[in-house]
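Okay, here's what each chain looks like letter by letter:
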Amino acid sequence: METEPVKNEYNFKREMLAALPNLRAFAISLIRSRDRADDLVQDTIMKAWAKQDSYQPGTNMRAWLVTILRNEFYSQIRKSGREVQDTDGIYTSRLSVPPEQHGSVDLQDFKTALAKLPEDQREAILLIGASGFAYEEAAEICGCPVGTIKSRVSRARLRLQELLGITDENEFGQDAQIAAVTAAVAVR
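For the structure given in this document, a descriptive report is provided here. (Residues numbered from 1 in each chain as written. Predicted model: local features only at pLDDT ≥ 70, side-chain atom pairs only at ≥ 80, totals over all residues. Heavy atoms only, no water.)

**As for a nonpolar patch on the surface**
As a reminder of what qualifies: Residues enter patches when they are more than 30% accessible in relative terms and free of salt bridges; like-charged ones are connected within 9 Å and nonpolar ones (Val, Leu, Ile, Met, Phe, Trp, Tyr) within 5 Å. All accessibility values rest on the Shrake-Rupley procedure with a 1.4 Å probe; residue burial counts only the protein chains present in the view. Just to be clear on terms, a salt bridge is a Lys or Arg side-chain nitrogen sitting within 4 Å of an Asp or Glu carboxyl oxygen. Working definition: helices are DSSP H or I runs of at least four residues, strands are E runs of at least two. Numbering for both runs from the N terminus. Accessibility here uses a 1.4 Å probe with only protein chains present; expressed as a share of the type maximum, an area under 20% marks a residue as buried, one over 50% as exposed, and anything in between as partly exposed.
A surface patch of nonpolar side chains, amounting to about 230 Å² of accessible area, comprises Leu107, Phe110 and Leu164. Relative to the assigned elements, Leu107 resides in helix H5 (residues 100-115). Take Leu107: its relative accessible area is 45%, and that puts it in the partly exposed class.

**With respect to unusual backbone geometry**
Although it is not a glycine, Arg32 sits at a positive phi angle of roughly 70 degrees. Residue placement: Arg32 occurs in the loop between helix H1 (3-31) and helix H2 (34-50). Using a relative accessible area of 70% as the deciding quantity, one classes Arg32 as exposed.

**What about the nonpolar core?**
As a reminder of what qualifies: Buried Ala, Val, Leu, Ile, Met, Phe, Trp, Tyr and Cys residues that are joined via side-chain atoms within 4.5 Å together make up what is termed a nonpolar core. The contact criterion used is simple: two residues touch if any of their non-hydrogen atoms lie within 4.5 Å.
Ranked by internal contacts, the top residues of the largest apolar core, which has 18 residues, are Trp64 and Leu65. Where this core is concerned, the elements lending two or more residues are H1, H2 and helix H3 (61-82). Setting aside residues up to four positions removed in sequence, Leu65 forms contacts with Met16, Ala19, Leu23, Thr44 and Ala48. Counting residues in hydrophobic clusters, the runner-up holds eight residues, among them Leu127, Ala138, Ala139 and Val153.

See below:
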């Protein structure tokens, strides 16, 4: 009975080690720095090892690890966007925050538009856009060809743009008037 977990741990470890070259290559393609990529791979391996009970033997170890790596990369990017070295307080004195109500209204509009999509398009765009699945993974989840998922996502994006009245990419984020006020306050 005790030899089985050791065997499973060995298989897990062996599969994980076999995926290292692919993980490192993917990390380098994301970060463009070998040292930081190695750190990212190390963080990924540590998280995978800690969560090995959630890995399902027989599934694609490399895909599981790449997902962990990608999520860790995005977490680090988000974290670095919130952290700034500001020992003298120069940046802090120039900070300003746009009003939250605009974001809340935009989010509510988006939820309303998302609810108006056909179920298959909504599912596809949520799997790809919100959940971060690859097209291949989403196709497997939905039980359809990859091309069908790509088509559904494309149609969903176009329909959302239409429902939200978005005509170009500059319409995302702050509007010009709020951006000007925020910039003026930050200069003071």
